[in-house]
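Residue-level structure breakdown
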Amino acid sequence: MKQRIDGVTPPYEPETGRALRRWMPPGVAREPLMLFKVLERHPELASRMRALGAGLLVHGLLSDADRELVIARVAARSGCAYEWGVHMATYAETAGLIPRQVTLTATGGPDHPASSDRQAALLRTVDELHDTARVSDAARVSDAAWSGLREHLDEPEVLELLVLAGWYRTIAYVANGARIEQEPWALALPGTDRSGA
């Protein structure tokens with residue numbers, strides 16, 4: 001499928017070039033992500049989004065492993081091959097996620113034997129948020145998911161997890177809605193082809 005919104009292209013206007021560099025982590029030599037190039041079609045919106053995204057990615061309370069597990073699960077549950085592939089290629093190894101955990105984010109359930117109690121609580125929370133926009137909706141699992149989550153995270157961490165999951169659901173909407181093409185170096189989401197279909 002063809003990408004629906006083209007990203008900005010070089011040569012970039014000076015302000016666009018500066019904005020794209022701000023999106024990318026320091027020291028990264030790669031071309032800016034297509035997601036960022038698409039967002040720069042609306043520079044004011046992009047600048048507001050960049051502040052929250054950078055805050056969650058760089059200055060959060062959650063461990064890198066927890067953060068990446070949540071992001072990957074949100075992306076996988078949302079069918080967002082783009083974001084799943086970028087994050088798993090870029091951050092999974094440095095966050096300490098082993099290949100089995102990476103695959104689990106896309107193919108396993110929270111009760112999969114490869115997940116720790118903490119990972120299971122995070123995955124269960126993302127799954128319930130994805131399915132119901134609630135944690136422990138009375139129609140589902142009473143308070144089991146919330147209790148499991150609180151065994152591992154304090155209140156500020158829980159609030160961050162809720163915002164993180166919602167933020168990456170928003171990113172999935174943008175990437176899927178605009179049909180942003182997969183980065184050539186990104187990992188393929190299990191069960192999809194390289195186009196993300």
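For the structure given in this document, a descriptive report is provided here. (Residues numbered from 1 in each chain as written. Predicted model: local features only at pLDDT ≥ 70, side-chain atom pairs only at ≥ 80, totals over all residues. Heavy atoms only, no water.)

1. Here's the deal with the overall build of the protein chain
- The helix and strand inventory of the protein chain stands at nine helices and zero strands.
- Starting at the N terminus and ending at the C terminus, the protein chain contains elements arranged as α-α-α-α-α-α-α-α-α.
- Relative to a compact globule of 197 residues, whose C-alpha radius of gyration would be 16 Å, the protein chain shows 17 Å and is just as compact.
- C-alpha extents for the protein chain along the principal axes are approximately 55 × 35 × 30 Å.
- Residue burial in the protein chain is summarised as follows: out of 197 residues, 46% are buried.
- A fraction of 65% describes how many contacts in the protein chain between residues 6 or more apart in sequence connect residues 24 or more apart.
- Only carbon and sulfur atoms are counted for the fraction: they give 55% of the accessible area of the protein chain, which is about 10100 Å². (Helix = DSSP H or I, 4+ residues; strand = E, 2+ residues; numbered from the N terminus. Rg over C-alpha atoms; globule rule 2.2 N^0.38 Å. Buried < 20%, exposed > 50% of the residue type's maximum accessible area, 1.4 Å probe, protein only. Contact = heavy atoms within 4.5 Å. Areas by Shrake-Rupley, 256 points an atom, 1.4 Å probe, with all protein chains shown as cover.)

2. Describing unusual backbone geometry
- A cis amide bond links Pro-10 to the next residue, Pro-11, at an omega of -5 degrees.
- Inspection of the secondary structure puts Pro-11 in the segment before helix 1 (14–23).
- Backbone geometry places Ala-133, a non-glycine residue, at a positive phi of 60 degrees.
- Mapping Ala-133 onto the fold places it in the loop between helix 7 (117–132) and helix 8 (144–150).
- Under the relative-accessibility criterion, Ala-133 is labelled exposed at 62%.
- The phi torsion at Arg-179 lies on the positive side, around 50 degrees, for a residue other than glycine.
- Structurally, Arg-179 can be placed in the segment after helix 9 (155–177).

3. What about helix 7?
- In this model helix 7 runs 22 Å from its N-terminal to its C-terminal C-alpha over 16 residues, within 8% of the 22 Å that 1.5 Å per residue would give.
- Within the span of helix 7, buried status applies to Gln-119, Ala-120, Ala-121, Leu-122, Leu-123, Thr-125, Val-126, Asp-127, Glu-128, Leu-129 and Thr-132.
- Phi turns positive one or two residues past the end of helix 7, at Ala-133, with a value near 60 degrees. (Expected span 1.5 Å × (residues − 1).)

4. Comments concerning the pattern of salt bridges
- A complete count under the given rule lists eleven salt bridges for this structure.
- For Asp-64, the salt bridge goes to Arg-67, with nearest N and O atoms at 3.0 Å. Of the two residues, Asp-64 and Arg-67 both sit in helix 4 (residues 64–77), three residues apart, roughly one turn of that helix.
- Between Asp-127 and Arg-73 there is a salt bridge, with its nearest N and O atoms 2.7 Å apart. (Salt bridge = Lys/Arg side-chain N within 4 Å of Asp/Glu carboxyl O.)

5. Focus on the packing of aromatic side chains
- All told, the structure shown has one aromatic pair when counted by the stated rule.
- The ring centre of Trp-185 lies 3.6 Å from the NZ or CZ of Arg-30, which sits over that ring.
- A cation over a ring is seen here: Arg-67 above Tyr-91, with NZ or CZ 5.7 Å from the ring centre. (Phe/Tyr/Trp six-rings, centres within 6.5 Å; stacked < 30°, edge-to-face > 60°. Lys NZ or Arg CZ within 6 Å of the ring centre and 35° of its normal.)

6. Here we look at the environment of Gly-108
- One can find Gly-108 in the loop between helix 6 (99–107) and helix 7.
- Spatially, the C-alpha atoms of Gly-108 and Arg-73 are 9.7 Å apart, while their sequence positions differ by 35 residues.
- In contact with Gly-108, other than residues within four places in its own chain, are Arg-73 and Thr-103.

7. Quick look at the layout of surface pockets
- Of the pockets and cavities examined, the largest pocket occupies roughly 550 Å³.
- Every residue lining the largest pocket is counted, 28 residues in all, and those nearest its centre are Trp-23, Pro-25, Phe-36, Leu-57 and Tyr-91.
- Sorting elements by how many residues they give to the lining of the largest pocket places helix 3 (residues 43–58) first, with five residues.
- Of the residues in the lining of the largest pocket, the class split is 18 nonpolar, four polar and six charged. (1 Å grid on protein atoms, 1.4 Å probe; cavity = no way out; pocket = protein on both sides within 12 Å on 5 of 7 lines; lining within 4 Å. Points joined across faces, edges and corners; volume = space filled by probe spheres on them. Nonpolar A, V, L, I, M, F, W, Y, C, P; charged D, E, K, R; others polar.)

8. Digging into a nonpolar patch on the surface
- There is a patch of nonpolar side chains on the surface, built from Trp-146, Leu-159 and Leu-162 and spanning about 270 Å² of accessible area.
- When you line up the elements, Leu-159 lands in helix 9. (Patch = residues over 30% accessible without salt bridge, like charges linked within 9 Å, V, L, I, M, F, W, Y side chains within 5 Å.)

9. Observations regarding the nonpolar core
- Core analysis: the biggest nonpolar cluster contains 51 residues, and Val-70, Tyr-82, Trp-84 and Leu-161 have the highest contact counts within it.
- No other element matches helix 9, which puts nine residues into this core.
- Once you skip the residues sitting within four places of it in the chain, Val-70 turns out to touch Leu-122, Val-126, Leu-161, Leu-164 and Ala-165. (Core = buried A, V, L, I, M, F, W, Y, C linked by side-chain atoms within 4.5 Å.)

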